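# Summary of the model geometry
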Amino acid sequence: NRFHFNSPYRHHITPIQTKTHRNSICRGAPVAACVRAARQTRSEGDIGDVDRHGGGQIVTRLKWGMIGGGAGSQIGPAHRLGAALDGQFDLVAGALDHRPEAGRAFGQKLGLAADRAYGDWRDMLAGERAREDRVDLVTVATPNATHYEIARAFLEAGFHVLCEKPMTMTVKEGEALVGVAERTGRICAVNYGYSGYALVRHMRAMVARGDLGAIR
């Protein structure tokens, strides 16, 4: 179902529980759920770009936008590095700071086109929904109390959303957000995992090699 999936960055795995799927947990494939959704809707021609690599392998790259995570933030680099590790995301739009000019400047420093380095999330929503090459998904990495409003607005506009934890501040808001995702058919993901961090990946490799002996 659409609420138990790997988040858009392959190393973060998240269950979002609903009343009808209370005990379901996402495991398995290291490929992002939004990539799977992109491939599923490829025939509709409304999502992503396709790159063909050597050996006939086809990799779907998603056009990605970010809200929050600006210069000096703790969480912004973690998202951008995790997406870069996947190699399946192109950061093409962002509203990265609550200060419009700072956000625009930092976005362009990251390589965003001037017209897609937005001053705030409302400008980004209006700008992207009007584009033929609109982003496929957005990451919401803003202060906790703003998650619900932003995530809901983008879901209702037809975008997939990866929301930083906590998804919302109240159970009522969380249930409402799940309802919006169900109604619109969009993915709303929350990343609770830390396995995208380099130290955790190194630790996993040590266990796999047997460096620590038998793990009970």
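Here the structure is a predicted model, which means the values were calculated and not measured.

Definitions and cut-offs
- Residues numbered from 1 in each chain as written.
- Predicted model: local features only at pLDDT ≥ 70, side-chain atom pairs only at ≥ 80, totals over all residues.
- Heavy atoms only, no water.
- Helix = DSSP H or I, 4+ residues; strand = E, 2+ residues; numbered from the N terminus.
- Contact = heavy atoms within 4.5 Å.
- Areas by Shrake-Rupley, 256 points an atom, 1.4 Å probe, with all protein chains shown as cover.
- Expected span 1.5 Å × (residues − 1).
- Buried < 20%, exposed > 50% of the residue type's maximum accessible area, 1.4 Å probe, protein only.
- Arc of directions from axis to C-beta.
- 1 Å grid on protein atoms, 1.4 Å probe; cavity = no way out; pocket = protein on both sides within 12 Å on 5 of 7 lines; lining within 4 Å.
- Points joined across faces, edges and corners; volume = space filled by probe spheres on them.
- Nonpolar A, V, L, I, M, F, W, Y, C, P; charged D, E, K, R; others polar.
- Patch = residues over 30% accessible without salt bridge, like charges linked within 9 Å, V, L, I, M, F, W, Y side chains within 5 Å.
- Salt bridge = Lys/Arg side-chain N within 4 Å of Asp/Glu carboxyl O.
- pLDDT = per-residue confidence, 0-100.
- Core = buried A, V, L, I, M, F, W, Y, C linked by side-chain atoms within 4.5 Å.
- Pairing = 2+ DSSP bridges.
- Right-handed = clockwise from strand over helix to strand, strands pointing away.

Attention now moves to the overall build of the protein chain. Assigned secondary structure in the protein chain consists of seven helices and eight strands. A sequence separation of at least 24 residues applies to 61% of the contacts in the protein chain between residues at least 6 apart. Of the roughly 11300 Å² of accessible surface on the protein chain, 53% is carried by carbon and sulfur atoms.

It is worth spelling out helix 2 (residues 75–86) at this point. An ideal rise of 1.5 Å per residue puts 16 Å on 12 residues; helix 2 measures up with 17 Å between its terminal C-alpha atoms. Turning to helix 2, its buried residues are G76, H79, R80, G82, A83 and D86. Down the axis, helix 2 shows its buried residues gathered within 160 degrees of arc, on one side only. In helix 2, those exposed residues whose orientation departs by more than 90 degrees from the buried face are L81 and A84. After helix 2 finishes, the residue G87 shows a positive phi value of roughly 70 degrees.

Right, let's talk about the layout of surface pockets for a bit. Quantified by volume, the second largest pocket comes out at close to 370 Å³. Along the walls of the second largest pocket sit 19 residues, with G68, D97, H98, T142 and P143 positioned nearest its centre. Among the residues forming the lining of the second largest pocket, the class breakdown is nine nonpolar, eight polar and two charged.

On to helix 5 (residues 147–156), then. Counting buried positions over the 10 residues of helix 5 gives seven, a clear majority of the element. Inspection of helix 5 places H147, Y148, I150, A151, A153, F154 and L155 among the buried residues, and these make up the whole buried set. The first or second residue beyond helix 5 is G158, which carries a positive phi of 95 degrees.

Attention shifts here to a nonpolar patch on the surface. Side chains of M203, V207, L212 and I215 sit close together on the surface and give an oily, nonpolar patch of about 370 Å² of accessible area. Tracing the chain through its elements places V207 in helix 7 (residues 198–209).

Across the protein chain, the average pLDDT comes to 79, with 71% of residues at 70 or higher. Within the model, pLDDT remains below 50 along residues 1–35, and this stretch shows 96 contacts once partners closer than five positions in the same chain are excluded. Contacts of residues 41–47 to residues separated by more than four positions or lying in other chains number 12 contacts, the stretch itself having pLDDT below 50.

On to unusual backbone geometry, then. With an omega of -5 degrees, the peptide bond between K165 and P166 qualifies as cis. Examined against the element boundaries, P166 turns out to sit in the loop between strand 7 (160–163) and helix 6 (171–184).

The tendency in soluble globular proteins is for nonpolar side chains to be buried side by side. Grouped together as the largest cluster of nonpolar side chains are 27 residues, with contacts concentrated most on I67, M124, F154 and V161. Elements that contribute at least two residues to this core include exactly strand 5 (89–95), helix 4 (121–129), strand 6 (137–141), helix 5, strand 7, helix 6 and strand 8 (188–190). For this core, the element with the most residues is helix 5, which contributes six residues. When near neighbours in sequence (up to four residues on either side) are disregarded, M124 contacts G65, M66, I67, A93, G94, A95, Y118, V138 and F154. W64, L96, F106 and A141 belong to the second-largest nonpolar core, a separate cluster that totals nine residues.

Looking now at the pairing of strand 7. The two faces of strand 7 match: H160 and L162 on one face and V161 and C163 on the other face are all buried. Here strand 6 runs beside strand 7; their pairing, made up of four bridges, is parallel. Bridge pairing links T139 to L162 in strand 7. Once the chain exits strand 6 it traverses helix 5 before rejoining the sheet at strand 7, and the crossover so formed is right-handed. Judged from the three bridges that link them, strand 7 and strand 8 form a sheet pairing that is parallel. Paired with V161 across the bridge in strand 8 is C188. A crossover links strand 7 with its parallel partner strand 8, the connecting element being helix 6, and its sense is right-handed.

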